[in-house]
Amino acid sequence: MAQMTMIQAITDALRTELKNDENVLVFGEDVGQNGGVFRATEGLQKEFGEDRVFDTPLAESAINGLAIGMALQGFRPVPEIQFFGFVYETMDSINGQMARMRYRSGNTYNMPITIRSPFGGGVKTPELHADSLEGLIAQQPGVKVVIPSNPYDAKGLLISAIRDNDPVVFLEHMKLYRSFREEVPEEDYTVEIGKAKVKREGTDVTLIAYGAMVQASMKAAEELEKEDISAEVIDLMTVSPLDVETIVASVKKTNRVVVVQEAQKQAGIANQIVAEISERAILHLEAPIARVAAPDTVYPFAAAEEVWLPNHEDIVEKAKAAVHF
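Since the structure is predicted, the reported quantities are computational estimates derived from the model, not experimental observations.

A.B. asks: I would appreciate a short explanation of the packing of helix 8 (residues 212–225) against helix 12 (residues 312–323) in the present structure.
C.D. replies: The angle between the axes and the distance between the axes are what describe a pair of packed helices. Following both chains from N to C, one finds helix 8 and helix 12 inclined at 55°, their axes separated by 8 Å at the closest point. Taken together, helix 8 and helix 12 sit at an angle that is classed as oblique. As for the relative orientation of helix 8 and helix 12, their crossing is right-handed in sense. Of the residues in helix 12, those touching helix 8 at Ala216, Ser217, Lys219, Ala220, Glu223 and Leu224 are His312, Ile315, Val316, Ala319 and Lys320. Taken together, the residues of the contact of helix 8 with helix 12 break down into six nonpolar, two polar and three charged.

A.B. asks: When you look at the sheet that holds strand 11 (residues 231–235) in this model, what are you seeing that I'm missing?
C.D. replies: Strand pairing in a sheet is mediated by backbone hydrogen bonds. Such pairs are either parallel or antiparallel. An order of 9-11-10-13-14 is seen for the five strands of this open sheet, with the pairing classed as mixed. Pairing within the sheet leaves two strands with one partner each, and these edge strands are strand 9 (197–200) and strand 14 (290–294). On average, each strand axis in the sheet is tilted by 25° relative to the strand beside it, whichever way the strands run. Here strand 9 runs beside strand 11; their pairing, made up of three bridges, is antiparallel. What sits directly across from Val198, in strand 11, is Ile234. Of the strands in this sheet, strand 10 (205–209), strand 13 (257–264) and strand 14 are in contact with helix 12, which crosses strand 14 at around 165°.

A.B. asks: Whenever I open this one, the environment of Tyr88 confuses me. Can you help?
C.D. replies: Structurally, Tyr88 is set in the loop between strand 4 (76–80) and helix 4 (91–97). Sequence separation of Tyr88 and Arg39 is 49 residues, and the distance between their C-alpha atoms is 24 Å. Not counting residues within four places of it along the chain, the set of residues in contact with Tyr88 comprises Leu133 and Leu136.

The rules behind these values
- Residues numbered from 1 in each chain as written.
- Predicted model: local features only at pLDDT ≥ 70, side-chain atom pairs only at ≥ 80, totals over all residues.
- Heavy atoms only, no water.
- Axes fitted to C-alpha atoms, helices over the stretch in contact; angles between N-to-C directions.
- Helix = DSSP H or I, 4+ residues; strand = E, 2+ residues; numbered from the N terminus.
- Parallel < 35°, antiparallel > 145°, perpendicular 65-115°, else oblique.
- Left-handed = near helix turned anticlockwise from the far one by under 90°.
- Contact = heavy atoms within 4.5 Å.
- Nonpolar A, V, L, I, M, F, W, Y, C, P; charged D, E, K, R; others polar.
- Pairing = 2+ DSSP bridges.

Nothing here speaks to function; it is all geometry.
Structure below.
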């Protein structure tokens, strides 16, 4: 195995699928010779040619419109939205077209499209670059939304997404791109979409998170352990569809829950998780379900984001309150 950062694992997944299937195409703003703003596609155009990896105009609606047309012709497009804050320009393509195509065509056409996009705070980006907008897409049936928290899962999930015959929005938290390395197989492998992972076993409280908040939750669990509180940490990995079975099994085990997201409290997917737990396991709860999320304001300018973003201390506080309720 090789030690990889998450960005390296993503590049390796793209390279793997470009080799495996000549119908896989990678395109977006600056993804060609430049290798993308974060160098996720670095070297791929040189290796596979300009017909397989190519630049597009600065027009998100055109990028995803092109993806739809290519998918209808049998290709497997992997378009990139350079930052997910620009997804508003292409909402009709995703929610109005890609999500409905299989149903609209009576199962005649598939939309094997994987939309990659960076998002997330903590790296001092300009306005509209860091917003957590996964909830906008997760509310639309017919689109899968995947958010890895580490290099190993990022590669396996991206390969699974590209091979999927339905549209997948694959979101990559910018803070995780180069923050740590881990062992990643150099060969081809997949990680199942729609399946959560128990990252840490615990008995007193369940911490449910995704993306960068998984790392914050793991750090919180370590802090809680010092106070003899055993926290179980679930990495959702896929936020639509949710792995409700894994969530409910953990709730029945610990009887207390903290749902963690970087998005604002009214946004993200925490509220959906709370609803599922309430419907399926409310009699197993010994404390109200707690939420850790950002305030219900627009994303602040970079100078204020560290105050605004949730962190492991917020998680510890909510977990302790649940345990001592």
